[in-house]
Amino acid sequence: MIKSLYIKNFAIIKELDISFNSGFTVITGETGSGKTLILKAISIALGGNCDRSMVRHGSKSAIFEIAYDQSIVRRIIRHEGPSSSYFNDEPISLKELKKETQHIADFHGQYDQQLILNENYQLYYLDKFCNHYENVDSLKEIYNQITIAENRLNKLKNELFKSKDQKELILFQISEIESIAPKENEDETLDREFKILNNSEKITKILNEANISLSDNNLSIYNKLANTLKSIENLVQLDSNITNIADIIKQSLILIEQASNDINIYLASFDFDSQRLDETLERLNEIEKLKRKYGGSISAVAEFLKKIKEDIKEIDTSKNLLYDLENKIKSLKTTYISIAKELHKNRILNSKILSKEITKKMNHLEMPNSKFEIRITQTTDSKSFVLNNEKFVKIYPDGFDKVQFLLSTNPGQPIKPLSKIASGGEISRIMLGIKSVLQDLDPLDTLIFDEIDSGISGKAAQKVASHLKKIGKTKQVLCISHLAQIVSSANNHLHINKKIYDNNIGLELKYLNEEERPSIIKELFIGSNLIGELNG
C-alpha cells in the first residue's frame, strides 16, 4: 500500500508531505481546491505522464516521491531538460519504473481507461479466478522457449542453406590439397633437384673439362705443379727457409688429386633421368599452384587445410544441432498444446461461474437488469500448430484464448464489450462490482477513485459507499467524492482547502476527526439535495 506522498513545486503546490492510512480514505474539498492534483501526483510518481507546464511557476523542477511497502520511488520533472526517475535512490529508466510499479495502484476515473477495461487484464482476472496461474506462467515460459528455438532454427536453416555451396567448395579444396599432400620444405628440395636435372649436360661437361684440366693429361695442372715441386725441393738444399713453400705445394697437389677423384665419383654416380625431370617439374607446378591459391607457402597451405576441415566440422555440427532443435521444438509444442488445452477447459468452466457472480454484484449495485458475460474466442491461423474444434488457432504466451468482458445494462439491449459502455455512473458501479468479486485476486494493493460518484445518487450512492467500504477491508482505497453517503462510510477523511498566503496559492490538508467530519458531510448532503432538486 502507499504509505506517503511527497510533492514539491507542482502546479499550485509548493511543498506537501502526506501520509496515507490503510482502509477506505475519502478526499473532500471544494471544486478547484486541488483534490485531483493529489491523485495526479501519485500517478506521475508511479510513471504517469506529466506536462512540463505543470511545474510550479518560477521553479526549475517538480519532485514527486512515493513510499510503499519497503520501497521508495521518485521522479523529477524538469521545466527544461530531461527528467529523472529513481527506485530506492538508484537511477532507473521510466520504462523500468512503470514495470516496477505496475501493480501498486489502479486509477479509476469517469473517463479513464482502467485496467479492467483492458482485454489483456480481463484474461488475467479470469485466470486468477481459475486459480491456474502457475500453469499460465509455465505456458509463457514454454512459449518463450518455442519462440527462441524457432528463431534459432530459422537462422540455422539460412546459414546451412548458404553453406551448402560453401561445403561443396570446401570439399573440393580439401580433396585438391590432400591429393597433392605437399610435405614441409618439399618445394625447396624439388627445386634443387630440378635445377640439377635440368642442367645435367652443362654440369657433366664442365666437370669433365675440369677433370682434364686438373689431372688427366701431361699438361694438367697436377703435372705442372708436380714438376714445380721438384724444382723447389732442389732449392731447399740451398736454403731451408724454402721448406714451407714446398709443403704448401705438396698440400695443393693432394687437394687437386682429391678434387679429381671427387669429380670422377660424382660423374660415375650421376645418372640423368629425363622421366624424373618431368616428374619433378610436374610436382613443382602442382605445389606452386596450391601455394598461389592457398597462402603462398606450404605451411600456409597446411594451415588453410586445417581451417577448412574445422569449417566442415562446424557445418556438420550445425546439421546435428538442426535436428536437435527440431526435436526440441516438437517436444515443446506438444507440451504447449497439453497445457493450453487444459487452461482453455478451465476458462470455459470458470467463466460461467464468474459471470454469474459479477451479475449478482451488478444487481446489488442498483443495476437489477444488468447481464454480464465472459466471451472466450479464438482466432484462426493456418500457420499455427494448435488444433481446436478442427481449426488451427493463433497462439499467445498465455494460450490460444481471447477473453472479452461483455455487459448489457437494460432489458432487451444486446451485450456489448465492457470498454464500449459510455455511462459514467454505470462504469463506476460495474468497476465496483467486479472489484468486489475479484478483490482478493486483484494484483493491486491500492485502488484510487476520482469522483467515482459521478452520475449516481440516492440508493445507488449508498450501495456504492457500502461496496467501497467492503473493498477497503482488504485494499487501500483512496476516493475523491462529493456524496455524503460515500464520505460518511469512509474510515479516514482527508479534507483539502485552497489557501492564499504571501500572494501565493497553496493547499492545506487535514485528516478530520469524528467531531470535525459531520459539518463537511452536512454541507455535502445539502449540496447533493440541492443538485437533485435542480435536476428534478
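All values reported here derive from a predicted model rather than from experimental measurement.

S.K.: Before we move on, could you go through the overall build of the protein chain and cite the residues and values that matter?
M.R.: The helix and strand tally for the protein chain stands at 14 helices and 17 strands. What you see for the protein chain is a C-alpha radius of gyration of 49 Å, clearly larger than the 24 Å of a compact globule of 536 residues, by over 25%. With 536 residues in all, the protein chain has 43% of them scored as buried. Counting contacts in the protein chain only where the partners sit at least 6 residues apart, residues at least 24 apart contribute 69% of the total. Only carbon and sulfur atoms are counted for the fraction: they give 50% of the accessible area of the protein chain, which is about 30,400 Å².

S.K.: Account for the pattern of salt bridges, naming residues and giving values.
M.R.: Scanning the model with the defined rule gives 20 salt bridges in all. In this structure, Lys293 engages Glu176 in a salt bridge whose closest nitrogen and oxygen atoms are separated by 3.1 Å. Of this pair, Lys293 sits in helix 9 (residues 274-294) while Glu176 sits in helix 4 (residues 133-180), and the two are 117 residues apart along the sequence. Looking at Lys293, the relative accessible area reads 42%, which means it is partly exposed. Given the relative accessible area of 12%, Glu176 is considered buried. A salt bridge links Glu193 to Arg276; the nearest nitrogen and oxygen atoms lie 2.6 Å apart.

S.K.: Can you lay out the packing of helix 6 (residues 200-215) against helix 8 (residues 243-269) for me, pointing to particular residues and giving the numbers?
M.R.: At their nearest, the axes of helix 6 and helix 8 sit 10 Å apart, and the two run at 150° to each other. For the element pair helix 6 and helix 8, the recorded crossing hand is left-handed. Here Ile203, Thr204, Leu207, Asn208, Ala210, Asn211, Leu214 and Ser215 of helix 6 lie close against helix 8, whose contacting residues are Ile256, Ala259, Ser260, Ile263, Asn264, Tyr266 and Leu267.

S.K.: Explain the environment of Asn363 residue by residue, including any values.
M.R.: Relative to the helices and strands, Asn363 is located in helix 10 (residues 298-364). For Asn363, a relative accessible area of 31% corresponds to the partly exposed category. In this structure the C-alpha to C-alpha distance between Asn363 and Gly433, which are 70 residues apart in sequence, comes to 9.0 Å. If sequence neighbours within four positions are ignored, Asn363 has contacts with Pro368, Asn369 and Ser370.

S.K.: Can you break down helix 1 (residues 35-45) residue by residue, with the values?
M.R.: Across the 11 residues that make up helix 1, a large majority, nine, are buried. Backbone geometry just after helix 1 places Gly47 at a positive phi near 110°.

S.K.: Before we move on, could you go through the environment of Asp398 and cite the residues and values that matter?
M.R.: Position of Asp398 relative to the elements: it lies in the loop between strand 11 (391-393) and strand 12 (402-408). Considered as a pair, Asp398 and Lys140 are 258 residues apart in the sequence and their alpha carbons are 5.6 Å apart. Sequence-distant contacts of Asp398, that is, excluding residues within four places in its chain, are made with Leu123, Val136, Leu139, Lys140, Leu343 and Arg347.

S.K.: Kindly report on helix 5 (residues 186-198), identifying the contributing residues and their values.
M.R.: Taking 1.5 Å of rise per residue, the 13 residues of helix 5 would be expected to cover 18 Å, and the 18 Å separating its terminal C-alpha atoms lies within 8% of that figure. Those residues of helix 5 not exposed but buried are Glu186, Asp187, Leu190, Phe194 and Leu197. Down the axis, helix 5 shows its buried residues gathered within 90° of arc, on one side only. For helix 5, the elements touching its buried residues are helix 6, helix 9 and helix 10.

S.K.: Tell me about the nonpolar core, and please be specific about residues and values.
M.R.: Among the nonpolar cores identified, the biggest contains 40 residues, and Tyr336, Ile374, Phe405, Leu418, Ile430 and Ile434 are the most heavily contacted of them. Tallying contributions element by element places helix 10 first for this core, with eight residues. If near-sequence neighbours (up to four positions away) are discounted, Phe405 is found in contact with Ile116, Gln122, Phe372, Glu373, Ile374, Lys416, Pro417, Leu418 and Ile434. Counting residues in hydrophobic clusters, the runner-up holds 34 residues, among them Leu39, Ala45, Tyr68 and Leu494.

S.K.: Could you give me a rundown of the sheet that holds strand 13 (residues 416-417), with the residues and numbers involved?
M.R.: Strand order in this open sheet of three strands is 9-12-13, and the pairing throughout is antiparallel. Only two strands of the sheet have a single neighbouring strand rather than two, namely strand 9 (371-377) and strand 13. Across two bridges, the pairing between strand 12 and strand 13 is antiparallel. In the strand pairing of strand 13, Leu406 is matched with Pro417. Most of the contacts of helix 3 (residues 119-130) go to strand 12, to which it runs at about 95°, and overall it touches strand 9 and strand 12.

S.K.: Describe the packing of aromatic side chains, with residues and values.
M.R.: Under the definition given, this model contains nine aromatic pairs. The interplanar angle of 75° and the centroid separation of 4.9 Å between the aromatic rings of Phe10 and Phe64 together place this pair among those described as edge-to-face. Within this pair, whereas Phe10 is found in strand 1 (residues 2-10), its partner Phe64 is found in strand 4 (residues 61-68), the two being separated by 54 residues in sequence. One aromatic cluster is present, formed by Tyr121, Tyr124, Tyr125 and Tyr133 through successive ring pairs. Here Lys402 stacks its cationic end above the ring of Tyr396, 4.9 Å away from the centre of that ring.

S.K.: Summarise the environment of Pro397; cite the residues concerned and give the values.
M.R.: By the element assignment, Pro397 lies in the loop between strand 11 and strand 12. Residue classification places Pro397 among the partly exposed positions, given a relative accessible area of 33%. Note: C-alpha distance between Pro397 and Leu139 (258 residues apart in sequence) is 6.5 Å. Not counting residues within four places of it along the chain, the set of residues in contact with Pro397 comprises Val136, Leu139, Lys140 and Tyr143.

S.K.: Which residues make up the sheet that holds strand 2 (residues 13-19), and what values go with them?
M.R.: Pairing in this open sheet of six strands is antiparallel, and the strands run 2-1-4-5-6-7 from one edge to the other. Every other strand in the sheet has two partners, leaving strand 2 and strand 7 (90-91) as the edge strands with one partner each. Of the strands in this sheet, strand 1, strand 2, strand 4 and strand 5 (71-78) are in contact with helix 1, which crosses strand 1 at around 100°.

S.K.: Outline the confidence of the model for the protein chain, listing residues and values.
M.R.: In the predicted model, the protein chain carries a mean pLDDT of 86, and the fraction of residues at 70 or more is 94%. Every residue in residues 530-536 scores below 50 in pLDDT, and together they form zero contacts with partners more than four places removed in sequence or on other chains.

S.K.: An account of the packing of helix 3 against helix 10 is needed here, citing residue identities and associated values.
M.R.: The contact between helix 3 and helix 10 brings their axes to 9 Å, and the two run at 95°. When the axes of helix 3 and helix 10 are compared, the pair comes out roughly perpendicular. On helix 10, the residues touching Leu123, Leu126, Asp127, Phe129 and Cys130 of helix 3 are Asn346, Arg347, Asn350, Ser351, Ile353 and Leu354. For the contact of helix 3 with helix 10, the residue count by class is six nonpolar, three polar and two charged.

S.K.: Describe the pairing of strand 12, and please don't skip the residues or the numbers.
M.R.: Burial runs high along strand 12: six of the seven residues are buried. As defined by bridge partners, strand 9 adjoins strand 12 across seven bridges and the pair is classed as antiparallel. Across the sheet, the residue bridging to Glu373 is Leu406, located in strand 12.

Analysis parameters
- Residues numbered from 1 in each chain as written.
- Predicted model: local features only at pLDDT ≥ 70, side-chain atom pairs only at ≥ 80, totals over all residues.
- Heavy atoms only, no water.
- Helix = DSSP H or I, 4+ residues; strand = E, 2+ residues; numbered from the N terminus.
- Rg over C-alpha atoms; globule rule 2.2 N^0.38 Å.
- Buried < 20%, exposed > 50% of the residue type's maximum accessible area, 1.4 Å probe, protein only.
- Contact = heavy atoms within 4.5 Å.
- Areas by Shrake-Rupley, 256 points an atom, 1.4 Å probe, with all protein chains shown as cover.
- Salt bridge = Lys/Arg side-chain N within 4 Å of Asp/Glu carboxyl O.
- Axes fitted to C-alpha atoms, helices over the stretch in contact; angles between N-to-C directions.
- Left-handed = near helix turned anticlockwise from the far one by under 90°.
- Expected span 1.5 Å × (residues − 1).
- Arc of directions from axis to C-beta.
- Core = buried A, V, L, I, M, F, W, Y, C linked by side-chain atoms within 4.5 Å.
- Pairing = 2+ DSSP bridges.
- Phe/Tyr/Trp six-rings, centres within 6.5 Å; stacked < 30°, edge-to-face > 60°.
- Lys NZ or Arg CZ within 6 Å of the ring centre and 35° of its normal.
- pLDDT = per-residue confidence, 0-100.
- Parallel < 35°, antiparallel > 145°, perpendicular 65-115°, else oblique.
- Nonpolar A, V, L, I, M, F, W, Y, C, P; charged D, E, K, R; others polar.

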